[in-house]
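Descriptive structure summary
So you can see what is in the structure, the chains are spelled out below.
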Amino acid sequence: QVQLVESGGGSVQAGGSLRLSCVASRTRSIFSINDMGWYRQALGKQRELVATITSGGSTNYADSVNGRFTVSRENAKNTVYLQMDNLKPEDTAVYYCNVHILDWGRVGHDYWGQGTQVTVSS
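Below or above, wherever it landed, is the structure these notes cover. Quick caveat: nothing in here was measured; it's all calculated off a predicted structure.

1. A few points about unusual backbone geometry
- One non-glycine residue, Asn86, adopts positive backbone phi at about 50°.
- Assignment of secondary structure puts Asn86 in the loop between β8 (79-84) and β9 (93-103).
- Residue class for Asn86 comes out partly exposed when judged on its relative accessible area of 42%.

2. What to know about the side chain of Ser32
- Of note, Ser32 is situated in strand β4 (residues 30-41).
- Residue Ser32 is classed as buried on the basis of its relative accessible area, which comes to 18%.
- A polar contact of 3.1 Å, which involves the side chain of Ser32, links it to the side chain of Asn34.

3. Looking at the nonpolar core
- If you look at the biggest cluster of nonpolar residues, it comprises 31 residues, and the most contacted ones within it are Trp38, Leu82, Met84 and Tyr95.
- Looking at this core, the elements that each hand over two or more residues are β3 (18-25), β4, β5 (48-53), β7 (69-74), β8, β9 and β11 (116-121).
- For this core, the element with the highest residue contribution is β9, accounting for five residues.

4. So, the pattern of salt bridges
- Under the defined criterion, the tally for this structure stands at four salt bridges.
- A salt bridge links Arg40 to Glu48; the nearest nitrogen and oxygen atoms lie 2.7 Å apart.
- Under the relative-accessibility criterion, Arg40 is labelled buried at 6%.
- When its relative accessible area of 37% is taken as the criterion, Glu48 is described as partly exposed.
- For Asp91, the salt bridge goes to Arg40, with nearest N and O atoms at 2.9 Å. Placement of the pair is Asp91 in the loop between β8 and β9 and Arg40 in strand β4, with a sequence separation of 51 residues. Each member of the pair, Asp91 as well as Arg40, carries the same accessibility label: buried.

So, how was this worked out
Residues numbered from 1 in each chain as written. Predicted model: local features only at pLDDT ≥ 70, side-chain atom pairs only at ≥ 80, totals over all residues. Heavy atoms only, no water. Helix = DSSP H or I, 4+ residues; strand = E, 2+ residues; numbered from the N terminus. Buried < 20%, exposed > 50% of the residue type's maximum accessible area, 1.4 Å probe, protein only. Polar contact = N/O pair within 3.5 Å; in protein donor to acceptor, adjacent residues only side chain to side chain. Core = buried A, V, L, I, M, F, W, Y, C linked by side-chain atoms within 4.5 Å. Salt bridge = Lys/Arg side-chain N within 4 Å of Asp/Glu carboxyl O.

Structure representation (structure tokens):
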């Protein structure tokens, strides 16, 4: 099974920046990695989309982060990044990496990282 390892979370003051990384390993069992992205879940709230990026580089952002966050990927390293600038207290949440892959039978699967905490203080 594909494993996702996230890093880069932490605590920062409002207006600060953080960069999250997520590396997919054990990828020999898959045909391709398609969409990669980030979701977040704040305490007491449902998980929500933050940003996604296709294998071709097309991106999609939640309105709440558009213009402040940037998602990117390095296909050769099976890695997706989330650069978060001008952070606000309402960005405080656990951030989860997500990848959608196709196995050799061309069946799609979703995998999730373990989550990394981002805390923004005012």
